[in-house]
Amino acid sequence: MQTIAFRIDRRSGVAAYQQLVNQVRQALRLGMLEPGDRLPTAKDVVAALAINPHTVLKAYRELEREGLVEPRPGQGTFVKRSLSRPEAAPDAPLRTELADWTHRAREAGLDRDDIAAMTGAALDRSYGPPPPPPAPGSLAGASTTLHPASLEEAT
(Lines give C-alpha, C1' and ligand atoms only; values in the text may rest on other atoms or scores of the structure.)
Protein backbone atom coordinates (compact mmCIF):
# COMPACT_ATOMS: atom_id res chain seq x y z
CA MET A 1 0.00 0.00 0.00
CA GLN A 2 1.38 3.38 -1.05
CA THR A 3 0.89 6.73 0.65
CA ILE A 4 1.53 10.31 -0.37
CA ALA A 5 3.43 13.08 1.40
CA PHE A 6 1.74 16.33 0.40
CA ARG A 7 3.62 19.61 0.10
CA ILE A 8 2.18 23.09 -0.22
CA ASP A 9 4.03 25.93 -1.93
CA ARG A 10 2.41 29.02 -0.44
CA ARG A 11 4.23 31.26 -2.93
CA SER A 12 3.02 29.46 -6.06
CA GLY A 13 -0.21 31.38 -6.52
CA VAL A 14 -2.06 28.05 -6.85
CA ALA A 15 -4.75 27.41 -4.26
CA ALA A 16 -3.70 24.88 -1.61
CA TYR A 17 -6.62 22.54 -2.38
CA GLN A 18 -5.64 22.57 -6.07
CA GLN A 19 -2.04 21.73 -5.18
CA LEU A 20 -3.31 18.68 -3.26
CA VAL A 21 -5.50 17.63 -6.21
CA ASN A 22 -2.60 18.06 -8.64
CA GLN A 23 -0.26 16.05 -6.42
CA VAL A 24 -2.71 13.15 -6.24
CA ARG A 25 -3.21 13.25 -10.02
CA GLN A 26 0.56 13.21 -10.56
CA ALA A 27 1.02 10.32 -8.12
CA LEU A 28 -1.70 8.43 -10.00
CA ARG A 29 -0.01 9.14 -13.35
CA LEU A 30 3.36 7.98 -12.07
CA GLY A 31 1.91 4.81 -10.57
CA MET A 32 2.89 5.89 -7.07
CA LEU A 33 -0.72 5.58 -5.96
CA GLU A 34 -2.86 2.69 -7.13
CA PRO A 35 -6.47 1.61 -6.74
CA GLY A 36 -7.09 0.57 -3.16
CA ASP A 37 -4.45 2.86 -1.66
CA ARG A 38 -5.70 5.07 1.17
CA LEU A 39 -5.11 8.81 1.13
CA PRO A 40 -4.01 10.43 4.38
CA THR A 41 -6.86 11.53 6.60
CA ALA A 42 -7.80 15.19 6.53
CA LYS A 43 -6.65 15.38 10.15
CA ASP A 44 -3.19 14.04 9.23
CA VAL A 45 -2.83 16.44 6.29
CA VAL A 46 -3.94 19.39 8.45
CA ALA A 47 -1.38 18.44 11.12
CA ALA A 48 1.44 17.99 8.59
CA LEU A 49 0.79 21.13 6.54
CA ALA A 50 -0.92 23.52 8.97
CA ILE A 51 -3.82 24.15 6.59
CA ASN A 52 -7.57 24.40 7.09
CA PRO A 53 -9.43 21.06 7.17
CA HIS A 54 -11.91 22.43 4.63
CA THR A 55 -9.03 22.80 2.17
CA VAL A 56 -8.27 19.08 2.37
CA LEU A 57 -11.94 18.13 2.18
CA LYS A 58 -12.41 20.36 -0.87
CA ALA A 59 -9.48 18.64 -2.60
CA TYR A 60 -10.81 15.19 -1.79
CA ARG A 61 -14.31 16.14 -3.02
CA GLU A 62 -12.79 17.36 -6.31
CA LEU A 63 -10.94 14.06 -6.71
CA GLU A 64 -14.16 12.20 -5.94
CA ARG A 65 -16.06 14.21 -8.59
CA GLU A 66 -13.38 13.19 -11.08
CA GLY A 67 -13.93 9.54 -10.16
CA LEU A 68 -10.38 9.12 -8.89
CA VAL A 69 -11.12 8.45 -5.22
CA GLU A 70 -14.01 7.28 -3.12
CA PRO A 71 -14.78 7.97 0.52
CA ARG A 72 -15.59 4.98 2.70
CA PRO A 73 -17.40 6.12 5.84
CA GLY A 74 -15.39 5.30 8.94
CA GLN A 75 -12.44 4.02 6.88
CA GLY A 76 -11.06 6.97 4.89
CA THR A 77 -10.65 8.02 1.28
CA PHE A 78 -9.34 5.43 -1.15
CA VAL A 79 -7.98 5.55 -4.69
CA LYS A 80 -10.62 4.30 -7.08
CA ARG A 81 -8.74 4.34 -10.39
CA SER A 82 -5.29 4.91 -11.76
CA LEU A 83 -4.05 7.36 -14.38
CA SER A 84 -0.76 5.52 -14.94
CA ARG A 85 0.41 4.05 -18.20
CA PRO A 86 2.95 1.27 -18.61
CA GLU A 87 5.22 3.68 -20.48
CA ALA A 88 5.50 5.82 -17.32
CA ALA A 89 6.02 3.00 -14.82
CA PRO A 90 8.97 3.40 -12.41
CA ASP A 91 10.99 0.81 -14.35
CA ALA A 92 9.99 2.00 -17.83
CA PRO A 93 12.92 2.73 -20.17
CA LEU A 94 11.80 6.30 -20.89
CA ARG A 95 11.53 7.11 -17.21
CA THR A 96 14.97 5.63 -16.57
CA GLU A 97 16.43 7.69 -19.43
CA LEU A 98 14.82 10.85 -18.04
CA ALA A 99 16.20 10.16 -14.56
CA ASP A 100 19.66 9.60 -16.05
CA TRP A 101 19.39 12.81 -18.11
CA THR A 102 18.33 14.92 -15.13
CA HIS A 103 21.20 13.47 -13.11
CA ARG A 104 23.66 14.42 -15.87
CA ALA A 105 22.10 17.90 -16.13
CA ARG A 106 22.52 18.41 -12.40
CA GLU A 107 26.13 17.21 -12.53
CA ALA A 108 26.71 19.71 -15.37
CA GLY A 109 25.74 22.48 -12.94
CA LEU A 110 22.12 23.07 -13.91
CA ASP A 111 19.70 23.73 -11.07
CA ARG A 112 16.06 22.68 -10.74
CA ASP A 113 14.79 25.86 -12.44
CA ASP A 114 17.19 25.41 -15.39
CA ILE A 115 16.06 21.81 -15.87
CA ALA A 116 12.38 22.74 -15.51
CA ALA A 117 12.80 25.50 -18.11
CA MET A 118 14.52 23.11 -20.54
CA THR A 119 11.94 20.36 -20.14
CA GLY A 120 9.10 22.90 -20.34
CA ALA A 121 10.50 24.27 -23.60
CA ALA A 122 10.85 20.75 -25.01
CA LEU A 123 7.24 19.97 -24.06
CA ASP A 124 6.07 23.21 -25.67
CA ARG A 125 7.89 22.28 -28.90
CA SER A 126 6.30 18.83 -28.93
CA TYR A 127 2.79 19.61 -27.69
CA GLY A 128 2.35 23.37 -28.04
CA PRO A 129 2.16 25.85 -25.20
CA PRO A 130 0.16 24.95 -22.08
CA PRO A 131 -3.40 26.27 -21.78
CA PRO A 132 -3.86 29.64 -20.07
CA PRO A 133 -4.40 29.59 -16.31
CA PRO A 134 -8.02 29.27 -15.15
CA ALA A 135 -10.08 32.28 -14.22
CA PRO A 136 -10.00 33.11 -10.49
CA GLY A 137 -12.50 31.00 -8.63
CA SER A 138 -12.84 28.31 -11.30
CA LEU A 139 -12.36 24.65 -10.41
CA ALA A 140 -9.85 24.04 -13.18
CA GLY A 141 -6.32 24.26 -11.86
CA ALA A 142 -2.92 25.17 -13.10
CA SER A 143 -0.32 22.47 -12.97
CA THR A 144 1.62 22.04 -9.76
CA THR A 145 4.79 20.06 -10.06
CA LEU A 146 5.24 17.31 -7.53
CA HIS A 147 8.71 16.00 -7.21
CA PRO A 148 8.69 12.19 -7.13
CA ALA A 149 11.10 12.18 -4.20
CA SER A 150 8.40 13.70 -2.01
CA LEU A 151 6.22 10.70 -2.75
CA GLU A 152 8.99 8.15 -2.46
CA GLU A 153 9.98 9.50 0.94
CA ALA A 154 6.56 8.45 2.20
CA THR A 155 6.81 4.87 0.98
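Residues numbered from 1 in each chain as written. Predicted model: local features only at pLDDT ≥ 70, side-chain atom pairs only at ≥ 80, totals over all residues. Heavy atoms only, no water.

Caption draft 1: Spatial organisation of the overall build of the chain. Per the secondary structure count, the chain includes 6 helices and 2 strands. Long-range pairs, those at least 24 residues apart, make up 62% of the contacts in the chain with a sequence separation of at least 6. When the accessible area of the chain is evaluated, it comes to approximately 10000 Å², of which 55% is carbon and sulfur surface. (Helix = DSSP H or I, 4+ residues; strand = E, 2+ residues; numbered from the N terminus. Contact = heavy atoms within 4.5 Å. Areas by Shrake-Rupley, 256 points an atom, 1.4 Å probe, with all protein chains shown as cover.)

Caption draft 2: Here's a closer look at the pairing of strand β1 (residues 69-72). With 4 bridges joining them, β1 and strand β2 (residues 76-79) adopt antiparallel strand pairing. Residue pairing across strands places Val 69 opposite Val 79, the latter belonging to β2. Counting the residues in the hairpin turn of β1 and β2 gives 3 residues, including Gly 74, whose phi is positive at 80°. (Pairing = 2+ DSSP bridges.)

Caption draft 3: Spotlight on the packing of helix α2 (residues 42-49) against helix α3 (residues 53-65). At a minimum axis separation of 9 Å, α2 and α3 run at an interaxial angle of 125°. When the axis of α2 is compared with that of α3, the two are oblique. Handedness of the crossing formed by α2 with α3: right-handed. Every residue of α3 that contacts α2 at Ala 42, Val 45 and Val 46 is listed here: Pro 53, Val 56, Leu 57 and Tyr 60. Considered class by class, the residues forming the contact of α2 with α3 number 7 nonpolar, no polar and no charged. (Axes fitted to C-alpha atoms, helices over the stretch in contact; angles between N-to-C directions. Parallel < 35°, antiparallel > 145°, perpendicular 65-115°, else oblique. Left-handed = near helix turned anticlockwise from the far one by under 90°. Nonpolar A, V, L, I, M, F, W, Y, C, P; charged D, E, K, R; others polar.)

Caption draft 4: Molecular detail of the confidence of the model for the chain. Looking at the chain, the pLDDT average stands at 84 and 84% of residues meet or exceed 70. Element-level pLDDT for the chain is lowest in helix α6 (residues 148-152), with a mean of 42, against a maximum mean of 97 in α3. Within the model, pLDDT remains below 50 along residues 139-155, and this stretch shows 39 contacts once partners closer than five positions in the same chain are excluded. (pLDDT = per-residue confidence, 0-100.)

Caption draft 5: Focus on the nonpolar core. Judged by nonpolar contacts, the single largest core of 24 residues is most densely connected at Phe 6, Leu 20, Val 24, Leu 33, Leu 39, Tyr 60 and Leu 63. Elements that contribute at least two residues to this core include exactly α1 (16-29), α2 and α3. When residues of this core are assigned to their parent elements, the largest contribution, 6 residues, is made by α1. If we ignore the near neighbours within four places in the chain, the residues touching Phe 6 are Leu 20, Gln 23, Val 24, Pro 40, Val 45, Leu 49 and Tyr 60. (Core = buried A, V, L, I, M, F, W, Y, C linked by side-chain atoms within 4.5 Å. Buried < 20%, exposed > 50% of the residue type's maximum accessible area, 1.4 Å probe, protein only.)

Caption draft 6: Layout of unusual backbone geometry. Although it is not a glycine, Ala 50 adopts a positive phi angle of roughly 55°. Summarising the element assignment, Ala 50 is placed in the loop between α2 and α3.

Caption draft 7: The packing of aromatic side chains, seen in detail. If you walk through the whole model with that rule in mind, you get 0 aromatic pairs. In this structure, Lys 58 is placed above the aromatic ring of Tyr 17, and the distance from its NZ or CZ to the ring centre is 4.2 Å. Here the basic side chain of Arg 72 rests over the ring of Phe 78, its NZ or CZ set 4.0 Å away from the ring centre. (Phe/Tyr/Trp six-rings, centres within 6.5 Å; stacked < 30°, edge-to-face > 60°. Lys NZ or Arg CZ within 6 Å of the ring centre and 35° of its normal.)

Caption draft 8: Structural view of the pattern of salt bridges. All chains considered together, the criterion is met by 4 salt bridges. Linking Glu 66 and Arg 25 is a salt bridge whose minimum nitrogen-to-oxygen distance equals 2.4 Å. A residue pair is termed long-range when its members are at least 10 positions apart, and Glu 66 in the loop between α3 and β1 and Arg 25 in helix α1 qualify at 41 residues. Assessed through its relative accessible area of 26%, Glu 66 is described here as partly exposed. Judged by relative accessible area, which is 22%, Arg 25 ranks as partly exposed. (Salt bridge = Lys/Arg side-chain N within 4 Å of Asp/Glu carboxyl O.)

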